Amino acid sequence: MSQHDTLQRFLFDGAPVRGALVNLEGAWQQVLARREYPRPLKTVLGEMMAAAVLLAANLKFDGTLILQLHGTGALRLAVVECNHDRTVRATAKWEGDLPDLPPAGLLGEGGRFVMTLEPKLDKAQTWQGIVDLEGDSVGAMLENYMRRSEQLDTRLILAGTDHNVAGMLLQRLPDGHGDPDGWNRMSTLASTLTGAELLELPALTLLGRLFAEETVQVFDAEAVGFACTCSRERVGDMLKMLGGQEVGEVLLEQGSVEIACDFCNQRYVFDEDDANELFQFDVLAAVREARH
Ligand SMILES: [Zn+2]
């Protein structure tokens with residue numbers, strides 16, 4: 001299997017540490033092909049994408065892990081979603097030129113970093129955590145968050161270029177599993193990893209070099225791919241939430257309602273017949289009636 005677009009989970013025999021490596025090339029290219037992102041945003045979005053796959057690697061349920069940045073500055077929104085089936089999608093909104101600043105600087109006043117876990121079957125169990133905007137990178141902010149809020153020692157090393165994005169996650173497991181000093185040793189070794197090594201080396205080569213003295217148990221590589229969860233049915237549901245009156249107004253002005261998916265650019269067009277079918281009444285007649 002190619003090293004690209006794979007997630008590789010691993011464990012150490014002699015230390016209470018679990019880890020994962022991700023390398024995304026095709027999935028990243030799919031995101032870049034849909035929008036011309038300015039450089040500072042490309043860095044942030046690429047790191048979020050690698051981080052989302054790594055954090056979703058050990059999820060115990062079927063569902064979606066969502067990382068979202070909300071801002072009032074040059075960067076308005078960046079969203080990455082990773083599903084339990086190892087599919088990802090990403091999008092962002094921004095205004096004007098983006099200065100070369102850490103994420104907090106791009107987000108401006110009141111910026112927020114939110115992590116959401118959304119189970120597929122029981123949306124009522126959706127869980128959200130607020131990540132402090134403390135740290136110069138996506139990885140640093142998430143490390144701080146995991147340590148403080150989840151009491152989980154974590155190293156998250158991320159790197160990206162226009163070609164691919166990659167990352168390595170290490171997490172400390174409860175003591176009792178091997179050498180108690182194992183966490184310190186592994187995280188120190190991880191700190192020596194360079195961005196170029198992360199981006200270019202096949203996972204097995206990287207693990208063999210970085211942890212040469214350790215016995216690493218490597219699981220089968222898992223494929224990761226870009227996929228969008230949008231559908232005509234979901235867009236229809238959204239139009240229903242807007243209401244027949246609102247949709248009728250747009251139909252009257254523009255002849256059809258056109259919605260484009262922010263993640264994949266897919267266009268969904270609803271004409272008068274589609275709208276009547278959706279709302280089960282004559283939408284245009286209702287709007288004309290209301291105007292009289
Ligand atoms: Zn879509």
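Reading the values: rules and limits
Residues numbered from 1 in each chain as written. Predicted model: local features only at pLDDT ≥ 70, side-chain atom pairs only at ≥ 80, totals over all residues. Heavy atoms only, no water. Domains from an automatic or database assignment. Contact = heavy atoms within 4.5 Å. Buried area = accessible area lost by both parts, 1.4 Å probe. Salt bridge = Lys/Arg side-chain N within 4 Å of Asp/Glu carboxyl O. Polar contact = N/O pair within 3.5 Å; in protein donor to acceptor, adjacent residues only side chain to side chain. Helix = DSSP H or I, 4+ residues; strand = E, 2+ residues; numbered from the N terminus. Phe/Tyr/Trp six-rings, centres within 6.5 Å; stacked < 30°, edge-to-face > 60°. Buried < 20%, exposed > 50% of the residue type's maximum accessible area, 1.4 Å probe, protein only. Lys NZ or Arg CZ within 6 Å of the ring centre and 35° of its normal. Pairing = 2+ DSSP bridges. Axes fitted to C-alpha atoms, helices over the stretch in contact; angles between N-to-C directions. Parallel < 35°, antiparallel > 145°, perpendicular 65-115°, else oblique. Nonpolar A, V, L, I, M, F, W, Y, C, P; charged D, E, K, R; others polar.

**Here's the deal with the domain arrangement of the protein**
And then number 1: Each domain of the protein was delimited in the assignment, giving domain 1 (5-226) and domain 2 (232-291).
And then number 2: Between domain 1 and domain 2, the contact holds nine residues from the first and five residues from the second.
And then number 3: In total, about 650 Å² of surface goes out of reach between domain 1 and domain 2, with carbon and sulfur atoms giving 47% of it.
And then number 4: Counting across the interface, domain 1 meets domain 2 through one salt bridge.
And then number 5: Close ionic contact of K93 with D262 constitutes a salt bridge, the shortest N to O distance being 2.9 Å.
And then number 6: On the surface where domain 1 and domain 2 come into contact, there are six residue pairs in polar contact (both at pLDDT 80 or more).
And then number 7: Taken together, the elements giving at least two residues each to the side of domain 1 that touches domain 2 come down to β4 (75-83) and β5 (87-94).
And then number 8: No other element matches the four residues that β5 contributes to the side of domain 1 that touches domain 2.

**Details of the packing of aromatic side chains**
And then number 1: A complete count under the given rule lists five aromatic pairs for this structure.
And then number 2: Both rings, one in F10 and one in F12, keep their centres 5.8 Å apart while their planes meet at 90 degrees; by these two values the pair is edge-to-face.
And then number 3: Measuring from centroid to centroid gives 5.5 Å for Y37 and W94, while their planes differ by 45 degrees, and the two rings are tilted. Of this pair, Y37 sits in the loop between α1 (26-34) and α2 (39-56) while W94 is found in strand β5, placing the two residues 57 residues apart along the sequence.
And then number 4: Judged by relative accessible area, which is 5%, Y37 ranks as buried.
And then number 5: The partly exposed category is assigned to W94, whose relative accessible area is 25%.
And then number 6: Grouped by ring-pair contacts, the aromatic residues F10, F12 and F211 constitute a single cluster.
And then number 7: When the ring centre of F263 is taken as reference, the NZ or CZ atom of R89 above it lies at 3.7 Å.

**Section: the sheet that holds β5**
And then number 1: Pairing is mixed across the open sheet formed by six strands, whose spatial order is β7-β6-β3-β4-β5-β12. Looking at the sheet topology across the chains shown, the edges are occupied by β7 (127-131) and β12 (225-226).
And then number 2: As defined by bridge partners, strand β6 (residues 112-119) adjoins β7 across five bridges and the pair is classed as antiparallel. Bridged to M115 within β7 is G129.
And then number 3: Against the sheet, α2 makes contact with β3 (63-70), β4, β5 and β6, and its axis sits at roughly 30 degrees relative to β4, the strand it touches most.

**What to know about the packing of helix α9 (residues 244-254) against helix α10 (residues 272-279)**
And then number 1: At a minimum axis separation of 11 Å, α9 and α10 run at an interaxial angle of 175 degrees. Here α9 is positioned roughly antiparallel relative to α10, judged by the angle of their axes. The residues of α10 that touch α9, namely those facing G244, V247 and L251, are E272, A275 and F279.
And then number 2: Among the residues making up the contact of α9 with α10, the classes are represented as four nonpolar, one polar and one charged.

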